[in-house]
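Residues per chain, in single letters:
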Amino acid sequence: MSLKFEARREIPRWLVYGTPLLAIALTILSGYLLFMILGLNPGSTLYIFLVSPLETQFGLAELAVKGGPLILIATGLAIGFRANVWNIGAEGQLTMGAIFGAGVALAFWGDEGVWILPLMFVAGALGGMLWAAIPAFLKTKFEVSEILTSLMLTYVAALVLSILVHGPWRDPDGFNFPQSRLFTEAAILPVILEGTRLHVGALVALFAAAAAWVLLTYTVTGFQIKVVGQAPMAARFAGFSQKGTVWFSLLLAGALAGIAGMVEVAGPIGQLTPQLTPGYGFTAIIVAFLGRLNPIGIVLAGIVMAISYIGGENAQVYAQLPQAATGVFQGMLLFYLLASDFLVRYRIRIQSAKPRREVATA
Amino acid sequence: MTDFLVLITVSIVIAATPMLFAAVGELVAERSGVLNLGVEGMMLIGAVVGFGVTMSTGSAILGIGSAALAGAALALVFAVLVLTLMANQVATGLALTIFGIGLSALIGAGFVGMPIAGLPKLDIPVLSTLPIIGPLLFQYDAMVYLSIALTVAVGWFLKYTHAGMVLRAVGESAESAHSIGHPVIGVRYLATMFGGAMAGLGGAFLSLSVTPMWAENMTSGRGWIALALVVFGSWRPGRVLLGAYIFGGVTILQLHAQGSGSTVGLPSQVFTMLPYLATIAVLTIISAGPWRGRFQAPACLGQSFRPSV
């Protein structure tokens, strides 16, 4: 008996959207085994990880608080990934967006005005775009790999943030803690649901995903991105600009990551701190793939990953599991997802070496 | 003064060695056509396994060996995904790094803050006691010499052996190599796992010798810098060695500048940025200069291969 793989001529849609579910199931199964190896009660630990985040209103609101930035960033990244632009420095773009947004909040500290928050959004987007423009410039001008430059800039952004909160932007009344002043009312995103941390940022994320869906489905730009990514040669013949696509997708991803960073500081955090996120910029890469680089899929995937974050926090409290366990889950999920893509592209045939009749009698 | 210069040189060599291990390993994988962006994750696993095994068995050799095996095991996962299941190499490499960061932190949760004796320094009669030359060349621990020996061995292997030629052929033109009967996928499996083992060794050197301890994320981007070094060294071991020592120099310069930074009035973080900014600068110079045509990546780098028959 042997296995034979045939490339599928047509890819069934149910497989494209079904395999992420398979990957999630396999990840949960592996988690069960991992917890057993670690000497934990696998059933109750999995319950803490997966179900406990959904049990309270607070938990459900947290899904949107954590899913929001993931969806925002992943939407931008997915457009780049479609065009074969590998921006993996979203975490740095997020940090810069947070810095720029916080800059506005601190400059107008104590002021009132409905224009402060919109200005912070613009500043956040600009900060992220500025940081993404560096790899875009180096890629289009000198053909430097955006993978390495965007990632290196993530470390640089974290250090810029560290300089600011340890130095010029440190709260003068903050007992020397490395953090900025708490933003005043006018620079804080309004809470939608009383008693939770759910704020306007979640709506912004949904709006961005919807806009990206329209862009990809109905516009020439969206078509151009797909062609540049899937058939660079055809794109060249069609006169689609490779460089233009690199600029567009990096700036867009930078702007969305920057807004995500601004939304974090103006939402749940309320000030600038040295550690802004538990690595949303990197997790968003997984969200983008889990959502099949499709904005609607990304919204669902963002919620799934938000569960893993909240579950990880709960597991830290109730099962003394290190925070890092979340990363193991997320990495495994991406592994399984990439592996299951094989099922999408190839049909597996089982061939018996012997004629059928003999197998039946054996 | 001489003492100071010797001290600086020695610290540069030590700072460069983890990146040298990882970069030479990645070079072999890339020459066979496989781009593994999981170096950071494999180094971290090497670091935590090397530390843990050395601490619990008391044998550094066992620790170092296990670190290499652990790195290779992680690379095997990567290889199955990209070589057998033909997953996208960039995405899979990123998954490997995310997974490696998480798994190493999970394994190492109990090791944080534990002390360990660093690797013993070499003590060769006569040679090690020579003035200047002794401390400069003959007082490192064995892994420093191992890293240089492996770099030379890889250079020799790629240039002068038949197997090395096959490996390069697989990376340059998988289709042709396959048609004259070379096992493309098999060669790539071995090259990828060698890369993983080397990244594991680099990680173990970090947690056993450079800073004898375990801390979450202790590689802080060295794996990514190793990836940049392969480009910087234009896929040649000798140049990668040179690049690693230059970056070791930047790291040490950064540490010393931090020490004296207060006199200049700059925050210490400005100096910590140096290695990352240097990486960007170096990549740009390599790609922008008049020599750009001469630094070609292996033609099949990052592409999946599926034998047509």
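Anything mentioned here points back to the structure above.
All figures in this text were calculated on a predicted structure; none of them were measured in a lab. (Residues numbered from 1 in each chain as written. Chains lettered and ligands numbered in written order. Predicted model: local features only at pLDDT ≥ 70, side-chain atom pairs only at ≥ 80, totals over all residues. Heavy atoms only, no water.)

Peer 1: Tell me about the interface of chain B and chain A, and name the residues and values.
Peer 2: The partner chain A presents 40 residues to the 43 residues of chain B that form the contact. For the interface between chain B and chain A, the tally reads zero salt bridges. Across the chain B-chain A interface, the total number found is three residue pairs in polar contact (both at pLDDT 80 or more). Listing elements by their share of the side of chain B that touches chain A, those giving two or more residues are α3 (60-84), α4 (89-108), α10 (222-232), α12 (268-272) and α13 (274-288) of chain B. (Contact = heavy atoms within 4.5 Å. Salt bridge = Lys/Arg side-chain N within 4 Å of Asp/Glu carboxyl O. Polar contact = N/O pair within 3.5 Å; in protein donor to acceptor, adjacent residues only side chain to side chain. Helix = DSSP H or I, 4+ residues; strand = E, 2+ residues; numbered from the N terminus.)

Peer 1: Which residues make up unusual backbone geometry, and what are the values?
Peer 2: Residue and element names in this part refer to chain A. A positive phi angle, close to 65 degrees, is found at asparagine 176, a residue other than glycine. Counting through the fold element by element, asparagine 176 comes out in the loop between α6 (146-166) and α7 (201-218). Of the residues examined, asparagine 176 reaches a relative accessible area of 57% and is grouped as exposed. (Buried < 20%, exposed > 50% of the residue type's maximum accessible area, 1.4 Å probe, protein only.)

Peer 1: Go over α13(B), please, and point to the residues and values.
Peer 2: Look at α13(B): 20 Å from first C-alpha to last across 15 residues, which is about the 21 Å you get at 1.5 Å a residue. Turning to α13(B), its buried residues number three or more, namely Pro275(B), Tyr276(B), Ala278(B), Thr279(B), Ile280(B), Val282(B), Leu283(B), Thr284(B), Ile286(B) and Ser287(B). (Expected span 1.5 Å × (residues − 1).)

Peer 1: Tell me what's going on with the nonpolar core, and back it up with residues and numbers.
Peer 2: Among the nonpolar cores identified, the biggest contains 191 residues, and Ile73(A), Met120(A), Phe289(A) and Trp224(B) are the most heavily contacted of them. Looking at this core element by element, the count peaks at 13 residues for helix α1 (residues 2-31) of chain B. Residue contacts for Ile73(A): discarding those within four places in its chain leaves Ala90(A), Leu94(A), Ala257(A), Ala260(A), Tyr280(A), Gly281(A) and Ala284(A). One finds Ala132(A), Ala212(A), Ile225(A) and Leu250(A) within the second-largest nonpolar core, a separate group that totals 11 residues. (Core = buried A, V, L, I, M, F, W, Y, C linked by side-chain atoms within 4.5 Å.)

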